[in-house]
Amino acid sequence: MKTRVTDMLGIEYPIIQGGMAWVAEYHLAAAVSQAGGLGILGAGGAPADFVREQIHKVRETTPKPFGVNLMLMNPEADDIARVIAQEGVKVVTTGAGNPGKYLAMWKEAGVKVIPVVASVAMARMMERAGADAVVAEGAESGGHIGSATTMTLVPQVADAVHIPVIAAGGIADGRGLAAAFMLGAEAVQMGTRFIVAKESTVHENYKQKVIAAKDIDSEVTGMSHGHPVRQLRNQMTREYLKREKEGASFEELEQLTLGALRKAVVEGDAVNGTLMAGQIAGLVHKEQTCEEMIREIMEQAQALLGRR
Ligand code: TUI
């Protein structure tokens with residue numbers, strides 16, 4: 001299944017791993033790349049020096065191409081953007097904002113730039129600014145989301161731009177990949193399924209919550225202040241949504257979630273931590289190696305698309 005995306009990135013399979021904050025560290029990114037997809041280091045809220053070290057660690061683990069995700073609300077975003085250019089990272093994806101001010105620097109350094117967008121307008125703007133592809137991410141996704149669903153967003157973005165479109169949100173198996181291709185995508189980005197990869201260092205409690213989750217077990221917090229975040233329902237989301245309904249201020253709600261993602265990923269606090277995951281968690285049933293996941297997804301997708 002060669003596409004413009006596999007050619008551009010020099011990868012075997014059209015599967016890109018989401019740049020999940022705290023979750024997407026070098027063990028996971030290296031494993032996805034080694035298995036023929038594109039592994040991504042998620043800078044999340046990490047400092048620039050940490051991101052540089054992680055880049056070196058992926059390189060010590062695999063010779064295959066990998067990328068870095070820059071979360072644009074990171075206070076050190078400017079420094080991380082420079083690290084990406086200096087280190088000669090091949091691919092950057094961005095999230096939670098407009099990466100426009102870094103594009104010239106990245107293009108000059110030969111970095112392929114793939115912004116994650118949640119609307120047609122943003123996709124068009126990124127194409128005009130010189131992006132090499134876009135990830136069209138639907139609201140089924142975990143973490144910070146837009147409002148359009150993958151089913152509606154992907155074909156509309158595919159019609160609106162000439163650069164390749166990568167579909168994200170609600171995709172975790174070969175059916176999802178095949179469906180995304182039918183909508184006009186040339187690759188998919190998956191996050192939730194990779195949380196439970198054997199190579200993922202996410203705390204076992206978090207993995208078990210993803211595995212146990214059913215279709216309607218996620219909630220969206222922060223809608224009222226314009227920062228919607230999808231995560232699995234637990235005591236944290238109940239408390240958050242209760243206070244949000246009571247009209248709590250943005251600052252008060254921020255205080256509640258401060259450090260909560262780290263608490264879930266590192267400490268395994270599934271009660272007060274933030275368990276970011278997409279709606280597709282309901283069909284993620286077991287821990288597997290990245291190689292097993294990618295092989296299974298490709299076999300299923302190829303059979304469905306009749307290319308075998
Ligand atoms: O970025 C994501 N997903 C994320 S970022 C993240 S880190 C975080 N941690 C704690 C609380 C909140 C966030 C967790 N998940 N996905 C990509 C994405 N980007 N989804 C939506 C957008 C987006 C939204 C607005 C992209 C551009 C945009 O444009 C606004 C502008 O500046 O024009």
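What you see is a predicted model, and the numbers here were worked out from it, not measured in a lab.

Looking now at the site of the ligand. As a structural note, the neighbourhood of the ligand is formed by 14 residues, with Ala96, Gly97, Val116, Glu137 and His144 the closest of them. When the free accessible area of the ligand is taken as 720 Å², the share hidden by the protein chains comes to 68%. In terms of residue class, the shell around the ligand is made up of 8 nonpolar, 5 polar and 1 charged.

Attention now moves to the sheet that holds strand E7 (residues 143-144). Pairing within the open sheet is antiparallel, and its 3 strands lie in the order E7-E11-E10. In this open sheet, the two strands that pair with only one neighbour each are E7 and strand E10 (218-221). Relative to strand E11 (residues 229-232), E7 is paired through 2 bridges, and the arrangement is antiparallel. For Gly143, the partnering residue across the bridge sits in E11 and is Arg230. This element, helix H11 (residues 235-245), spans E10 and E11 of the sheet and lies at about 40° to E10.

Looking now at the layout of surface pockets. The volume enclosed by the second largest pocket comes to roughly 320 Å³. Lining of the second largest pocket is provided by 18 residues; of these, Trp22, Glu25, Gly42, Ala46 and Phe50 occupy positions nearest its centre. Secondary-structure elements contributing two or more residues to the lining of the second largest pocket are strand E2 (39-42), helix H3 (48-61) and helix H13 (260-267). When residues in the lining of the second largest pocket are grouped by element, the largest group, 3 residues, is from H3. A breakdown of the residues in the lining of the second largest pocket according to their chemical character gives 12 nonpolar, 5 polar and 1 charged.

What follows covers the sheet that holds strand E5 (residues 112-117). Pairing between the strands of a sheet is mediated by backbone hydrogen bonds and can be parallel or antiparallel. As summarised here, the arrangement of the 8 strands in space is E1-E9-E8-E6-E5-E4-E3-E2, forming an open sheet in which the pairing is parallel. Both outer strands of the open sheet, strand E1 (15-17) and E2, are each paired with one neighbouring strand and no more. For this sheet, the mean inter-axis angle between neighbouring strands, taken without regard to orientation, is 25°. Inspection of the sheet shows strand E6 (residues 134-137) paired to strand E8 (residues 165-168) by 4 bridges, in the parallel sense. For Glu137, the partnering residue across the bridge sits in E8 and is Ala168. Its contacts with the sheet place helix H2 (residues 26-34) against E1, E2 and strand E3 (66-71), and it is angled at close to 165° to E2.

One pass over the full model with this rule turns up 17 salt bridges. Measuring nitrogen to oxygen at the nearest pair gives 2.9 Å for the salt bridge that ties Glu296 to Arg193. Of this pair, Glu296 sits in helix H14 (residues 290-305) while Arg193 sits in helix H9 (residues 192-195), and the two are 103 residues apart along the sequence. Arg193 gets classed as buried once you look at its relative accessible area, which sits at 8%. Note that Lys207 and Glu287 form a salt bridge whose closest N and O atoms lie 3.6 Å from each other. With a gap of 80 residues between them, Lys207 in helix H10 (residues 204-212) and Glu287 in the loop between H13 and H14 connect regions that are remote in the sequence.

This paragraph deals with the side chain of Arg230. Counting through the fold element by element, Arg230 comes out in strand E11. No salt bridge is formed by the buried Arg230; the nearest opposite charge belongs to Glu140, separated by 6.7 Å. A distance of 2.7 Å separates a polar side-chain atom of Arg230 from the backbone oxygen of Ala139.

Note on placement: Glu140 falls in the loop between E6 and E7. Non-local contacts of Glu140, meaning those with residues more than four positions away in its chain, are made with Thr149, Thr150, Met151, Gly169, Gly170, Arg230, Gly278 and Gln279.

This part is about the pairing of strand E4 (residues 91-95). Within E4, 5 of the 5 residues are buried, which leaves the element mostly enclosed by the surrounding structure. With 5 bridges joining them, E3 and E4 adopt parallel strand pairing. When the sheet's bridge partners are listed, Val68 is paired in E4 with Val92. Handedness of the β-α-β unit built from E3, helix H4 (residues 77-86) and E4 comes out right-handed. Relative to E5, E4 runs parallel, the two being bridged by 4 bridges. Paired with Thr93 across the strands is Ile114, a residue of E5. Crossover handedness for the path E4 to helix H5 (residues 103-108) to E5: right-handed.

Cut-offs and rules
- Residues numbered from 1 in each chain as written.
- Predicted model: local features only at pLDDT ≥ 70, side-chain atom pairs only at ≥ 80, totals over all residues.
- Heavy atoms only, no water.
- Near = heavy atom within 4 Å.
- Areas by Shrake-Rupley, 256 points an atom, 1.4 Å probe, with all protein chains shown as cover.
- Nonpolar A, V, L, I, M, F, W, Y, C, P; charged D, E, K, R; others polar.
- Pairing = 2+ DSSP bridges.
- Helix = DSSP H or I, 4+ residues; strand = E, 2+ residues; numbered from the N terminus.
- Contact = heavy atoms within 4.5 Å.
- Axes fitted to C-alpha atoms, helices over the stretch in contact; angles between N-to-C directions.
- 1 Å grid on protein atoms, 1.4 Å probe; cavity = no way out; pocket = protein on both sides within 12 Å on 5 of 7 lines; lining within 4 Å.
- Points joined across faces, edges and corners; volume = space filled by probe spheres on them.
- Salt bridge = Lys/Arg side-chain N within 4 Å of Asp/Glu carboxyl O.
- Buried < 20%, exposed > 50% of the residue type's maximum accessible area, 1.4 Å probe, protein only.
- Lys, Arg positive; Asp, Glu negative; His and termini not counted.
- Polar contact = N/O pair within 3.5 Å; in protein donor to acceptor, adjacent residues only side chain to side chain.
- Right-handed = clockwise from strand over helix to strand, strands pointing away.

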